[in-house]
Amino acid sequence: MRVLVFANTPAHVHLYRHAVDHLAEAGHEVLVLTREYACTTDLLEFFGLPYRRYGTHETRAPSKPQLARELGEQFGRIVWEARRFDPDVVFGRGPYAALAGTVTRTPVVLVLDDEPGDFNHTVSRPFADCILSPEVTRRDLGDDHYTFDGFKECAYLHPDVFEADRAIHEFLALDPDESYALVRFNAMDALHDAGIEGFSRDQRRDLLERLSEHATVFVSDESGTMDFGDLPARPYDLHPALIHDAMAGADLLVADTGTMVNEAGLLGTPALRYQGTDDHEYGEFSELERAGLAEQFDDYPALCDRAVELVRMDATNHWQRRRQAYVGDLVNLTDLLVAVAEARGDLAALDSPARGVLRPRSAGR
């Protein structure tokens, strides 16, 4: 069997990487189609996944003419690569997976979360044979939409598949018991980020200065443009594949981007998200807040005060107990993705254990 997987961002690489390995070990042929974006291909190389590039996407937001030209070139390459590979099932999201499935007449499995905007859902939904999303997703995408108890990050952070590297302090050139905080700044270049503002320049400086009084601060700047010359913080410069180990060892994560807050929360690291001007309600964040594993703020001073409070009080043990009580009962998404792939997207063909973790979204309302 041939399985085609789309990994358009670093988060997509993590979502599918264990499933790709398991499918390959089972004798299936797997191909990842990707674009050159941030550290996406670096991760594919690090994990040894079989991939081909269909294009490039810059971290700065393109103009509308640039975006139209970019998409046209990428769609042409996707058509060529998909027909060449001739898959039996396609995994992905948005127009990319929909196009590949259409031109090869192949079942399409979409793995979606509670992102804002309707573009990806509107474009891809008519072409999907199966849509999978966390139970906390707020949308109902029709009869082919099924949910599972967990998060998409459970594909790589579930306790069954993740064990933190204990040498992370050494990699970061820290003493074994040295406290550190991770701060993530979003590039705000994705389609769902259009018109949204996160931390301002002054807020970034203020946050780093205040946190640095109590812990070593590492900054992961998605845009790659930050000047650290006069800032009391270090750039996070380990290989991007180690970011989850770094999050697991941190005393705090603060971000104006969603995925890393979800990840830190599931790892039991105190996680704070600054909403900025983003007023969209995300089911994932609401659930993590309910479980006491993440907190959101639309007021910068309140977020900054809470960040300093958490790093001063060393709240990690408390968060770890919450994680142990919550995360272990969630679905191991990697196992589910492998089962759905081997069923070629036909959920009726799943064995009982895999079928038992899925619920029709429409029935859940």
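Residues numbered from 1 in each chain as written. Predicted model: local features only at pLDDT ≥ 70, side-chain atom pairs only at ≥ 80, totals over all residues. Heavy atoms only, no water.

## Quick notes on the pairing of strand S4 (residues 89–92)
Neither face of S4 is open: one carries Val-89 and Phe-91, the other Val-90 and Gly-92, and all of them are buried. Pairing between strand S1 (residues 2–7) and S4: three bridges, direction parallel. Each bridged residue has a counterpart across the sheet, and for Val-5 the counterpart in S4 is Phe-91. Across three bridges, the pairing between S4 and strand S5 (residues 108–111) is parallel. Each bridged residue has a counterpart across the sheet, and for Phe-91 the counterpart in S5 is Val-109. (Buried < 20%, exposed > 50% of the residue type's maximum accessible area, 1.4 Å probe, protein only. Helix = DSSP H or I, 4+ residues; strand = E, 2+ residues; numbered from the N terminus. Pairing = 2+ DSSP bridges.)

## Things to note about the side chain of Arg-17
The topology assignment puts Arg-17 in helix H1 (residues 10–25). Here Arg-17 occupies a buried position and makes no salt bridge, while the nearest side chain of opposite charge, Asp-21, is found at 6.0 Å. (Lys, Arg positive; Asp, Glu negative; His and termini not counted. Salt bridge = Lys/Arg side-chain N within 4 Å of Asp/Glu carboxyl O.)

## Some thoughts on the sheet that holds strand S9 (residues 216–221)
Across a sheet, strands are paired by hydrogen bonds formed along the backbone, either parallel or antiparallel in direction. Strand order in the open sheet formed by six strands is S10-S9-S8-S11-S12-S13, with parallel pairing between adjacent strands. Here the strands that pair on one side only, and so sit at the sheet edges, are strand S10 (234–235) and strand S13 (295–297).

## Some remarks on the sheet that holds strand S7 (residues 145–148)
Taken in spatial order, the eight strands of this open sheet run S3-S2-S1-S4-S5-S6-S7-S14, and their pairing is mixed. Only two strands of the sheet have a single partner each, and these edge strands are strand S3 (51–56) and strand S14 (359–360). Looking at chain direction, strand S6 (residues 130–134) and S7 are connected through four bridges and run parallel. Across the sheet, the residue bridging to Pro-134 is Phe-148, located in S7. Along the sheet, helix H14 (residues 333–342) contacts S4, S5, S6 and S7; its crossing angle with S4, the most-contacted strand, is approximately 150°. (Contact = heavy atoms within 4.5 Å. Axes fitted to C-alpha atoms, helices over the stretch in contact; angles between N-to-C directions.)

## Quick word on the nonpolar core
Core analysis: the largest hydrophobic core is formed by 102 residues, its most contacted members being Phe-91 and Leu-182. Not counting residues up to four positions away in its chain, the partners in contact with Phe-91 are Val-3, Leu-4, Val-5, Phe-6, Tyr-16, Ala-97, Val-109, Leu-337, Val-340 and Ala-341. Formed by 19 residues, the second largest nonpolar core is a distinct cluster that contains Phe-6, Ile-78, Leu-110 and Leu-112. (Core = buried A, V, L, I, M, F, W, Y, C linked by side-chain atoms within 4.5 Å.)

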